[in-house]
Amino acid sequence: MKCQVSVLLGAALLCLVVLVLQPSTVRADRLQPKGYKQTVEKLQKFYASFEQQVSREFRRWKQQGSMTPHFRHLIAASAIGKSERAQEIRELPTAREGPLCAICRGFGGSVLEFRREGASREEVFNTTVELCTMLNLQEESICRGLIDLNIDTILYIVDNRPELSSASLCAVVFQSGACVLDDPTFTEWQVELDPNGTPVTASKAGTPQRGPNDLKIVQITDLHFDPNYRPGYNAECGAPACCRESQGVPEDPAAGAGHWGDYRNCDTPWNAVEDLLDRVAEEHADADFIYHTGDIIDHGIWETSIGYNVRSISRVVEKFRQTFGETPVYNILGNHEAHPTNVYELGEVTRPDFSTNWLYHLSADLWSQWLPQAAQQTIRLGGYYTALVSPGFRVIALNNNDCYTFNWWILFQPDALKGQLQWLHDVLLQAEQAGEKVHILAHLPISSDCFSVWQREYRRILERFRDTISAQFHGHTHKDEFNVFYASESPEHAVGVAWNGGSGTSHTNVNPNYVVYYVNPETYEVTDFESYAYNLTSANMSPDERPAWFRMYSFQEEYGLSDLSPAGVDEMIQRLGTPAGRDELRRYWEYKVKLADASLATDCTDECLLNHLCEIVTNQADDLRKCQELSETFFD
């Protein structure tokens, strides 16, 4: 945001917020500058001032029927750039945290007041569509569809939680250090932890390199099947999902969708879904299990319906059934499976039109052939389950989409998040007592967009049961990456590793991929994994031929680790955090984007590489201790 000379307080405030959060010496755009917390404390009065000013102008608009030039200037100064639409909040630089928090509190707070002063659904709808469009959050048709799908849930929460403030709402959604959450309703709940754990005194060591008897597990995630995908149709439409039939054929053929997918904001055509699953079955027929970690539904988030989602989910799961036969498939839900997208009911809500039961019952039925009967109860209750795979080995499949910061129900009853976490704790306690080892499947990486208090409680559970939990597997980010967990009180000690399977979709600027893990049959720890992908540019040049899948890399071979335990991977992290590890870190980034031409063309500077290193070691919002530590050695 460029700071234009202006007499308007609002524009000046937004410029000030950018300037005070901007590091004086740029090292990593998501690394907090020195004095960040003190600066944020001072900014709270600026937020309040901006909120009051927007509220005053908003009231004049509603009373007079037209916007003043002052209000239009405030909106223009607050409008986001189109490039920010496609970014997850976690991907935005620290300097954007303050302005986004101010914008949310200013305009969101005004709409909140508007409803509480008696505005009808229609009035709130029309007002928010207009603001959404003028603030450039999306094109008008996208704003209209998204708001129509979500407005009833949000109004119910606003109407039934009169104490909910704009400050709390924005702090939960944006979850940045610049948006302070000081409402104890959101923060003062805890999982009841078994007291018999041992203190963390060292990093968790593990199994040596892979052996001939290792189990073989394939992870497939984030297929994002789009039944509306059409080759040749507009891939540069500006919407969250392009390449769709309704968006037409562009005049420029270069803007047309490819046969096997597209690097732009486009999801996966059915032929590409089929090819990926068929390729896994053909090349890895000896796989012991399949982990399918969610997000079947496409990014057409402004026009989903229950019927639409049911058809896509059923078609994809049936393809898994046909393709893998007797091989067990362990499925979990993604945030896109819900309707509206991201919205999983929480708390004591009795309205049937808000219920997520349709999805839970559908999942219980579709997954039943691979699971024990006992799993049905918790799937129908909340979309999660556990299964004893073999004596001594258990899978726990979470539905942690409830913790997604865009799940509006967190705003209604945040302590309802405790329910599934307490169940997770209790299952792990039983597994510990039975001498079992556990794999945890969760769609959202713990570090990625989960509500910070949920992150805090999950970390407590992980530390307590670090010897029982042998591995964690995530999806959602579409990146071939991993996360290392460190002890909360002793951050020098690594206690867990979570592996991310990437994505079957190329949305956005990545190649499709899947991952094959090798797992020790006694400890159930990952000893190595191989990531397979195809180059989308090459595939689309030969639409009549199947894509040329290749093994991108073996993690063990590429990084030369003694083992893939938390201790072993932490050694690698320390190496990457020095100038001597720069080339190795660059290779990590290249594999993270799966060697996609569209990403490699943009390159990644040293500051960019530091960001990616920080993402490996950050597992709780605003806990950047490990990131700060690595930054101190990075430029030596």
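What you see is a predicted model; the values in this text were computed from it and never measured.

Conventions and cut-offs
Residues numbered from 1 in each chain as written. Predicted model: local features only at pLDDT ≥ 70, side-chain atom pairs only at ≥ 80, totals over all residues. Heavy atoms only, no water. Helix = DSSP H or I, 4+ residues; strand = E, 2+ residues; numbered from the N terminus. Buried < 20%, exposed > 50% of the residue type's maximum accessible area, 1.4 Å probe, protein only. Contact = heavy atoms within 4.5 Å. Pairing = 2+ DSSP bridges. Axes fitted to C-alpha atoms, helices over the stretch in contact; angles between N-to-C directions. Domains from an automatic or database assignment. Buried area = accessible area lost by both parts, 1.4 Å probe. Polar contact = N/O pair within 3.5 Å; in protein donor to acceptor, adjacent residues only side chain to side chain. Disulfide = S-S within 2.5 Å. Expected span 1.5 Å × (residues − 1). Bend = angle between axes of the 7 residues up to and from the residue.

Q: I'd love a proper account of the environment of Thr 185, names of residues and values included.
A: Within the secondary structure, Thr 185 is located in helix H9 (residues 184-187). Residue classification places Thr 185 among the partly exposed positions, given a relative accessible area of 39%. Along the backbone, Thr 185 and Phe 107 are 78 residues apart, and their C-alpha atoms lie at a distance of 23 Å. Sequence-distant contacts of Thr 185, that is, excluding residues within four places in its chain, are made with Arg 161 and Pro 414.

Q: Tell me about the sheet that holds strand S9 (residues 494-500), and please be specific about residues and values.
A: Backbone-to-backbone hydrogen bonds pair the strands of a sheet. The strands run either parallel or antiparallel. If you trace the 6 strands from one edge of the open sheet to the other, you get S4-S5-S6-S7-S9-S8, paired in mixed fashion. What marks the edges here is a single partner per strand, and that holds for strand S4 (385-390) and strand S8 (482-486). For this sheet, the mean inter-axis angle between neighbouring strands, taken without regard to orientation, is 20 degrees. As defined by bridge partners, strand S6 (residues 437-441) adjoins strand S7 (residues 469-474) across 4 bridges and the pair is classed as parallel. When the bridges of S7 are listed, Val 438 appears paired with Ile 469.

Q: Could you give an account of the domain arrangement of the chain, with specific residues and numbers?
A: Many structure descriptions define interface size as the accessible area lost when the parts assemble. One can read the domain layout of the chain as domain 1 (27-185) and domain 2 (215-229 + 267-634). Domain 1 and domain 2 are separated by 30 Å when their C-alpha centres are compared. Taking both sides of the interface into account, the surface hidden between domain 1 and domain 2 amounts to around 3200 Å²; carbon and sulfur atoms contribute 62%. Summed over the shared surface of domain 1 and domain 2, the number is 5 residue pairs in polar contact (both at pLDDT 80 or more).

Q: Break down the state of the cysteines for me, with residues and values.
A: Applying the stated criterion across every chain yields a total of 8 disulfides. Bridging Cys 132 to Cys 143, the disulfide has an S-S length of 2.0 Å. Since a negative S-S torsion denotes a left-handed disulfide, the Cys 132-Cys 143 link at about -75 degrees is left-handed. Placement of the pair is Cys 132 in helix H6 (residues 121-134) and Cys 143 in helix H7 (residues 140-160), with a sequence separation of 11 residues. Look at Cys 143 and you get buried, because its relative accessible area is 0%. Cys 237 shares a disulfide with Cys 242; S-S distance 2.0 Å. Residues Cys 237 and Cys 242 are joined through a disulfide that is left-handed, its torsion about the S-S bond being -85 degrees.

Q: Which residues make up unusual backbone geometry, and what values go with them?
A: The general pattern is negative phi for most residues beyond glycine and trans for most peptide bonds. Put simply, His 339 and Pro 340 share a cis peptide bond, and its omega is -5 degrees. Here Pro 340 shows up in the loop between strand S3 (329-331) and helix H12 (357-367). Across the junction of His 507 and Thr 508, the peptide omega takes the value 0 degrees, indicating a cis bond. For Thr 508, the location among the structural elements is in the loop between S9 and strand S10 (513-519). One non-glycine residue, His 224, lies in positive phi territory at about 45 degrees. In this structure, His 224 sits in the loop between strand S1 (215-220) and helix H10 (270-283).

Q: Go over H7, please, and point to the residues and values.
A: Taking 1.5 Å as the rise per residue, H7 with 21 residues should run 30 Å; its terminal C-alpha atoms sit 29 Å apart, in good agreement. For H7, the principal kink sits at Asn 150 and spans about 45 degrees. Turning to H7, its buried residues number three or more, namely Ile 142, Cys 143, Gly 145, Ile 147, Asn 150, Ile 151, Thr 153, Leu 155, Tyr 156, Ile 157 and Val 158. The inward-facing, buried residues of H7 abut helix H5 (97-116) and H6.

Q: Can you explain the side chain of His 612? Please cite residues and give values.
A: Tracing the chain through its elements places His 612 in helix H21 (residues 606-617). Apart from residues no more than four positions distant in its own chain, His 612 is found in contact with Tyr 588, Trp 589, Lys 592 and Cys 604.

Q: Which residues make up the environment of Ala 285, and what values go with them?
A: Here Ala 285 lies in the loop between H10 and strand S2 (289-292). When the C-alpha positions of Ala 285 and Lys 216 are compared, they lie 10.0 Å apart, and in sequence the two are 69 residues distant.

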